[in-house]
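# Observations on the model geometry
Okay, here's what each chain looks like letter by letter:
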Amino acid sequence: MSPPVAPPGWSRWLVPPAALSVHLSIGQAYAWSVFKPPLESALGLSGTQSALPFQLGIVMLGLSAAFGGTLVERNGPRWAMTVALLCFSSGFLLSALGASLEQYWLIVLGYGFVGGIGLGIGYISPVSTLIKWFPDRPGMATGIAIMGFGGGALIASPWSAQMLESFGSDSSGIALAFLVHGLSYAVFMLLGVLLVRVPRSEKPVESGPSVFAGPQVSAKQALRTPQFWLLWIVLCMNVTAGIGILEKAAPMITDFFADTSTPVSLTAAAGFVALLSAANMAGRIGWSSTSDLIGRKNIYRVYLGVGALMYALIALFGDASKPLFVLCALVILSFYGGGFATVPAYLKDLFGTYQVGAIHGRLLTAWSTAGVLGPLIVNWIADRQEEAGRHGASLYGLSFVIMIGLLVVGFVANELVRPVDPRHHVPDPKEAAHVERQQSESA
């Protein structure tokens, strides 16, 4: 499938909605927790078992983005979005079959493995195209798209809950909900497949810079630079800190105020989770757009430095003030989302646009690592503290200290980032891209 070239007069503002249609769909992953209690009840699963599809999905997201990034660059956004549509929707259809037959392994295979591939390819599918359309504002452009991934749960969570209420929360009801998800997301993602276009030339904006302006580095060479691995550490530390709160948000706020005169109800805890999702989404567009004004290195100084301060405030004073706890958590989650949305533009600044999608895909292995590391730190320490007889806010004190340390490590790594040495640059990226296309067509 050759990349569709925009006809004369095509508006670049049609490309972000195409990207959003994919990201809003795959952002359903953040709403997986809605299905956990029904699955546990219907199939007799433990909490750890019911988390397997989500965990495998995040792991596959990073792996498929890493290994499929070069294919996405070579074949273009329409091919990538088509693959994402087929995998993500097929994952739901396999899960529907698994729920109907009460075969949980099919749900893990469908949602986690097959759907996870769709997550990874879909996540990186519009990145390089958006940067080529918006060389003047890459942070804003990628922020608009990646905002959808953070906000997908705001749509999917109540929608899924309503379907389970209407269809029932037994295995047949879950199967029907999965089926509706698979078919609906296929239609919605198809809009992006049909709408996406690549620019006709290297300079889609007359007054803007060339697509190949500045240093250009191939994905293979990027892995040989210290800048890539420093950014890997930066992203991993930022994501670990954010997901540590996000994964355990409802029980965390309940525990923090359980021993006070004003405990948090289950309804209020659910509202807190919704607020965190909104902060996650807002941070993706707000902070990434800000990075276009103050620079990528400076915005990560904010994410990591201020993030460490927010964790310190929660650890010291969080159980004494609900507004303080909620405000600090919202700021941390906005930095979590902003970090995801800003990193493609940071990569573009360092490595150019030549193979930025493939480089971004490889960098997302940091997300896979953090997706395991963050919840493991918070849950394992909380379990050990509870076994030792502690309760309330004391369950999380040590894990918050560790998060502060990880954010400091990320801050130092960001400070060490320097421009890429010219020996890693591609001499003529335009010619290299042309040769690569010819090789692809003849293969």
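Residues numbered from 1 in each chain as written. Predicted model: local features only at pLDDT ≥ 70, side-chain atom pairs only at ≥ 80, totals over all residues. Heavy atoms only, no water.

### Observations regarding the side chain of serine 95
As for its placement among the helices and strands, serine 95 is situated in helix H5 (residues 77-101). According to the relative accessible area criterion, serine 95 is buried, its value standing at 0%. Dropping the residues within four chain positions of it, serine 95 is found in contact with Leu106, Ile107, Gly110, Tyr111 and Phe178. (Helix = DSSP H or I, 4+ residues; strand = E, 2+ residues; numbered from the N terminus. Buried < 20%, exposed > 50% of the residue type's maximum accessible area, 1.4 Å probe, protein only. Contact = heavy atoms within 4.5 Å.)

### A short note on the packing of aromatic side chains
To describe a pair of aromatic rings, you give the distance between the ring centres and the angle between the ring planes. Inspection of every chain in the model, using the stated rule, returns 29 aromatic pairs. Where tryptophan 159 meets tyrosine 185, the ring centres are 5.7 Å apart and the plane angle is 90°; that geometry is what we call edge-to-face. Remark: tyrosine 185 occurs in helix H9 (residues 171-195) and tryptophan 159 occurs in helix H8 (residues 138-167); sequence separation between them is 26 residues. A relative accessible area of 7% places tyrosine 185 in the buried class. Note on tyrosine 303 and phenylalanine 335: the rings are 5.6 Å apart at their centroids and 45° apart in plane angle, and the pair reads as tilted. Here tyrosine 303 is found in helix H14 (residues 296-317), whereas its partner phenylalanine 335 is found in helix H15 (residues 322-351), with 32 residues between them in sequence. Across this residue pair, the class does not change: tyrosine 303 and phenylalanine 335 are buried. Taken together, Trp32, Phe35, Phe88, Phe92, Tyr111, Trp159, Phe178 and Tyr185 form an aromatic cluster joined through their ring pairs. Positioned over the ring face of tryptophan 10 is arginine 197, at 4.6 Å from the centre of the ring. Of note, lysine 322 hangs over the ring of phenylalanine 257, and the distance from its end group to the ring centre comes to 5.8 Å. (Phe/Tyr/Trp six-rings, centres within 6.5 Å; stacked < 30°, edge-to-face > 60°. Lys NZ or Arg CZ within 6 Å of the ring centre and 35° of its normal.)

### Things to note about helix H6 (residues 104-124)
Spanning 21 residues, H6 covers 29 Å between terminal C-alpha atoms, matching the ideal 30 Å at 1.5 Å per step. Along H6, the sharpest change in direction is near 35° and occurs at glycine 115. H6 sits mainly inside the fold: 17 of its 21 residues count as buried. (Expected span 1.5 Å × (residues − 1). Bend = angle between axes of the 7 residues up to and from the residue.)

### A word on helix H11 (residues 226-246)
Between its first and last C-alpha, H11 extends 30 Å over 21 residues, near the 30 Å set by a 1.5 Å rise per residue. Burial within H11 is extensive, with 18 of its 21 residues counted as buried.

### Side note on the side chain of serine 291
Here serine 291 lies in helix H13 (residues 266-294). Serine 291 gets classed as buried once you look at its relative accessible area, which sits at 1%. Side-chain polar atoms of serine 291 contact the backbone oxygen of serine 288, separated by 2.5 Å. For serine 291, the contacting residues outside a window of four places in its chain are Gly139, Arg296, Ile299 and Thr342. (Polar contact = N/O pair within 3.5 Å; in protein donor to acceptor, adjacent residues only side chain to side chain.)

### Points about the pattern of salt bridges
Oppositely charged side chains may form a pair once their charged atoms are brought near each other. In the structure shown here, the tally under the stated rule is eight salt bridges. Residue arginine 12 pairs with aspartate 136 through a salt bridge whose shortest N-O separation is 3.0 Å. Here the residue arginine 12 occupies a position in the segment before helix H1 (15-26), and aspartate 136 occupies one in the loop between helix H7 (127-133) and H8, the gap between them amounting to 124 residues. Aspartate 136 sits in the partly exposed class, given a relative accessible area of 33%. With its nearest N and O atoms 2.8 Å apart, the salt bridge here joins glutamate 387 to arginine 384. Separated by three residues within a single helix, glutamate 387 and arginine 384 lie in helix H17 (residues 365-387), roughly one turn from each other. For glutamate 387, a relative accessible area of 61% puts it in the exposed group. For arginine 384, a relative accessible area of 30% corresponds to the partly exposed category. (Salt bridge = Lys/Arg side-chain N within 4 Å of Asp/Glu carboxyl O.)

### Some details on unusual backbone geometry
If you check the backbone angles, glutamate 102 has positive phi at about 60° while not being a glycine. Inspection of the secondary structure puts glutamate 102 in the loop between H5 and H6. Its relative accessible area of 46% is what places glutamate 102 among the partly exposed residues.

### Re a nonpolar patch on the surface
A contiguous nonpolar surface patch, about 390 Å² in accessible area, is contributed by Leu93, Phe167, Leu176, Leu179 and Leu183. With three residues, H9 is the single largest residue contributor to the nonpolar patch. Within the secondary structure, leucine 176 sits in helix H9. Judged by relative accessible area, leucine 176 falls into the partly exposed class, the value being 37%. (Patch = residues over 30% accessible without salt bridge, like charges linked within 9 Å, V, L, I, M, F, W, Y side chains within 5 Å. Areas by Shrake-Rupley, 256 points an atom, 1.4 Å probe, with all protein chains shown as cover.)

### A few points about the packing of H11 against helix H16 (residues 356-363)
Close contact between H11 and H16 brings their axes to 10 Å; oriented N to C, the two are set at 50°. For the element pair H11 / H16, the angle class is oblique. Viewed along their axes, H11 and H16 form a crossing whose handedness is right-handed. Facing Phe228, Leu231, Trp232 and Leu235 of H11, the residues of H16 in contact are Ile359, Arg362 and Leu363. Partitioned by chemical class, the residues of the contact of H11 with H16 number six nonpolar, no polar and one charged. (Axes fitted to C-alpha atoms, helices over the stretch in contact; angles between N-to-C directions. Parallel < 35°, antiparallel > 145°, perpendicular 65-115°, else oblique. Left-handed = near helix turned anticlockwise from the far one by under 90°. Nonpolar A, V, L, I, M, F, W, Y, C, P; charged D, E, K, R; others polar.)

### Digging into the environment of threonine 353
For threonine 353, the location among the structural elements is in the loop between H15 and H16. With 138 residues separating them in the primary sequence, threonine 353 and proline 215 have C-alpha atoms 8.8 Å apart.

### Re the environment of glutamine 49
One can find glutamine 49 in helix H3 (residues 47-50). A relative accessible area of 36% places glutamine 49 in the partly exposed class. Glutamine 49 sits 59 residues away from valine 108 along the chain, and the two C-alpha atoms are 9.5 Å apart.

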